[in-house]
Amino acid sequence: MPITKICCMGAGYVGGPTCSVIALKCPHIRVTVVDKSSERIAQWNSAKLPIYEPGLDAVVQKCRGRNLFFSTDIAQAIEEAELIFISVNTPTKRFGNGKGRAADLKYVESAARMIAEISAGDKIVVEKSTVPVRAAESIMNILRANHKPGVSYQILSNPEFLAEGTAIDDLLNADRVLIGGEESPEGQAAIEELCKVYEHWIPRKNILTTNTWSSELSKLAANAFLAQRISSINSLSAVCESTGADVSEVARAVGLDSRIGSKFLQASVGFGGSCFQKDILNLVYICECLNLPEVAAYWQQVIDMNEYQKSRFSAKVIESLFNTVTDKKISILGFAFKKNTGDTRESPAIHVARTLIDEGAKLHIYDPKVEESQIMSDLSNCGAILEPELVKSRVSIFKDAYSATKNTHAIVVCTEWDEFVELDYKRIYAEMMKPAYIFDGRKILDHDKLQKLGFIVQTIGKKIECQKLRGSGKIKLKIEEKWYRYHFEALS
Ligand code: NAD
Ligand code: UDX
């Protein structure tokens, strides 16, 4: 029987955009997105959506009230739907077994229990959240142990590959849609039903069907591979800074090999976002549980390298500012984990800002899409590292880049927002303390031009010669001496 009603549990960065696009492309399907947070649902039903995502407003405006609904009535939406997406959060566990690494499946489990409690007819339950391999088995156990007479379930795995900031485009033009299910005739029939939904806009050849476990593992693997590329290029950025090689040139030369490819080789202050770290930690934990310590250590290194990169960049800022930032004013441009999103989860800007506050700096922060309350909470709440009072006394939030940079000693670019490239740096330089520094953590600025204006520029993966800094000759000599010694020893 073709699907006519879909329920999505979880109105977040995945559930909201995914179901909006399904509603857009399948006008005959009634899509209801539910969430236990009434605040979030109210925002989805308002003019200001809870997430910023290019193109999303237009899709929601077109479909909302037609065949797209946002509701807190979870029970009714479950009851009506033939197919239910579980798109709830799966954060890293904060306590107990697997703390700091394993995925916390409590929200998935509570969603499954609610489905079992409400359902009076057959359902296809689709795991869209990113989960450990064999999580579908746990969902199935909960559903089958609690099912009502005559009700049967099929569990599918249909991981989501969208990236924030490009979610609508990623959903409309997905490289592939992945659907995993049981190999039984019932499992295959359920896969077919979900295929038919996607086939309204995704060519059949791009819809990949696998067994459930392959599908679950492929999601973790894809994120691990992507993050691994960033850590690989970031590791080489450190070598570049010490040798005179330029990481952009290296990335280009390497990426032109069609076997390697050019994407995801942009060296940076480090990767952020809600997925990469969480999913790799989860993979590491799974490997440890499977008694595969070498595999676990291999993937753990991707995370370790990312931590190293964030610390290395923060240390570079401090060292360059004469090894002390106490009471210096530093502007942070960009707080989101990447451009075109207001999401700050695991943003490298948090790491940089916390380190600088810890060293006594006063921060002027500006991000085009992140709310002040979010920045303050990110800097105060995590891990009890900083007291909220301390953060309040050291951090000011600004509404534009010009006021944020005025009278500061240095600018640190943490997010690659396009508007930072377009700024009038002559004006900015004139209003900064001297010497004026720029630390480009995203490699988006024109460094030659900035140097000509008088800035002292530092970036990732490139040694920028600096004429103006007294003593820099000495530092340079020291680094070169170390390098030549190493080279000589290696040759002899
Ligand atoms: P999110 O935190 O933005 O949204 C999850 C929502 O689920 C929250 O609003 C929460 O209130 C709601 N929720 C939790 N339990 C619920 C329940 N029992 N009933 C109803 N609602 C409930 O999370 P997200 O970023 O959308 O991620 C969701 C899943 O998708 C995660 O597993 C994540 O790893 C995965 N994923 C995320 C992205 C991304 O870019 N954010 C991309 C691919 C996959
Ligand atoms: C990622 C995956 O790309 C997506 O497929 C998955 O569904 C969710 O996780 P997301 O985290 O939203 O998406 O953004 P992504 O574009 O992957 O960027 C993640 C982080 O890596 C950002 O901080 C970004 O700035 C950084 N990055 C990305 C780099 O530092 N260099 C690069 O070359 C690419």
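Right above here is the structure, for reference.
Starting afresh in each chain, residues are numbered from 1 along the sequence in its written order. All chains are assigned letters beginning at A, and all ligands numbers beginning at 1, according to the order in which they are written. Where totals are concerned, whole chains, interfaces and linings use all residues; where local detail is concerned, this predicted model gives features only for residues with pLDDT of at least 70, and gives and counts side-chain atom pairs only at 80 or more. To get the side-chain values, take all heavy atoms of the structure and skip hydrogens and water.

In this section: the site of ligand 1. Only a single heavy atom is needed: when it lies within 4 Å of a molecule or strand, its residue is near that molecule or strand. Lining the immediate environment of ligand 1, one finds 25 residues, of which Asp35, Arg40, Thr90, Glu164 and Lys278 sit closest. The backbone of Tyr13 places a nitrogen or oxygen atom 3.0 Å from an oxygen atom of ligand 1. Distance and chemistry together define a polar contact, namely a pair of N or O atoms within 3.5 Å, with one atom able to donate a hydrogen and the other to accept it when in protein, and with adjacent residues in sequence counting only for side-chain atoms on both sides. The side chain of Ser110 places a nitrogen or oxygen atom 3.4 Å from a nitrogen atom of ligand 1. Per-residue accessibility takes into account occlusion by the displayed protein chains alone, with areas from the Shrake-Rupley method and a 1.4 Å probe. In isolation ligand 1 offers 830 Å² of accessible surface; the protein chains occlude 93% of this area.

Residues Leu356, Leu363, Leu379 and Phe455 are the most contacted members of the largest nonpolar core, which totals 58 residues. Secondary structure elements are defined from DSSP: runs of H or I of at least 4 residues count as helices, runs of E of at least 2 residues count as strands, and each element is numbered from the N terminus. The leading source of residues in this core is helix α13 (residues 348-358), at 6 residues. Residues enter a nonpolar core if they are buried and are Ala, Val, Leu, Ile, Met, Phe, Trp, Tyr or Cys, with the set joined through side-chain atoms within 4.5 Å. Think of it in three bands: residues with accessible area under 20% of the maximum for their type are buried, residues over 50% are exposed, and the middle band is partly exposed, with areas taken using a 1.4 Å probe on protein chains only. Counting residues in each nonpolar core, the second largest holds 44 residues, with Ile22, Ile168, Ile179 and Tyr198 among its members.

A word on a nonpolar patch on the surface. A contiguous nonpolar surface patch, about 250 Å² in accessible area, is contributed by Leu290, Leu292 and Val295. Inspection of the secondary structure puts Val295 in helix α12 (residues 293-320). Assessed through its relative accessible area of 36%, Val295 is described here as partly exposed. Candidate patch residues must exceed 30% relative accessible area and have no salt bridge, after which like charges are joined if within 9 Å and Val, Leu, Ile, Met, Phe, Trp or Tyr side chains if within 5 Å. Salt bridge, as applied in this entry: a Lys or Arg side-chain nitrogen positioned within 4 Å of an Asp or Glu carboxyl oxygen.

All right, on to the packing of helix α1 (residues 15-25) against helix α3 (residues 56-63) then. Here the axes come from fitting lines to C-alpha atoms, over the contacting stretch only for helices, and the angles between their N-to-C directions go from 0 to 180 degrees. Packing of α1 against α3 leaves a shortest axis separation of 9 Å and a crossing angle of 50°. The pairing of α1 with α3 is recorded here as oblique in orientation. Relative to α3, α1 is oriented so that their crossing is left-handed. Contacts from Pro17, Ser20, Val21, Ala23 and Leu24 of α1 reach α3 at Leu56, Val59, Val60, Lys62 and Cys63. Residues are grouped as follows: Ala, Val, Leu, Ile, Met, Phe, Trp, Tyr, Cys and Pro are nonpolar; Asp, Glu, Lys and Arg are charged; all remaining types, including Gly, are polar. Broken down by class, the residue content of the contact of α1 with α3 amounts to 8 nonpolar, 1 polar and 1 charged. An angle counts as roughly parallel when it lies under 35 degrees, as roughly antiparallel when it exceeds 145, as roughly perpendicular when it falls between 65 and 115, and as oblique in every other case. Each crossing gets its hand from how the near helix is turned against the far one by less than a right angle, where anticlockwise is left-handed and clockwise is right-handed. In what follows, a contact means two residues having at least one pair of non-hydrogen atoms within 4.5 Å.

With respect to the helices and strands, the residue Asn158 is situated in the loop between β6 (153-157) and α7 (167-172). Engagement of the side chain of Asn158 in a polar contact is seen with the side chain of Tyr198, the distance being 2.6 Å.

Once that is clear, we can look at the environment of Ile22. Along the chain, the position of Ile22 falls in helix α1. Expressed as a C-alpha distance, the spacing of Ile22 and Val197, which sit 175 residues apart in the sequence, is 7.8 Å. Apart from residues lying up to four places away in sequence, Ile22 is in contact with Ile6, Val31, Phe85, Val197 and Trp201.

Here we take up helix α11 (residues 276-289). Every helix has an expected span of 1.5 Å times one less than the residues it contains. End to end, α11 covers 20 Å across 14 residues, agreeing with the expected 20 Å (1.5 Å per residue, within 8%). Burial within α11 is extensive, with 12 of its 14 residues counted as buried. Residues of α11 that are buried include every one of Phe276, Gln277, Lys278, Asp279, Ile280, Leu281, Asn282, Leu283, Val284, Tyr285, Ile286 and Cys287, and no others. Contacts made by the buried residues of α11 are with α9 (212-243) and α12. Following α11 by one or two positions, Asn291 has its phi on the positive side, about 60°.

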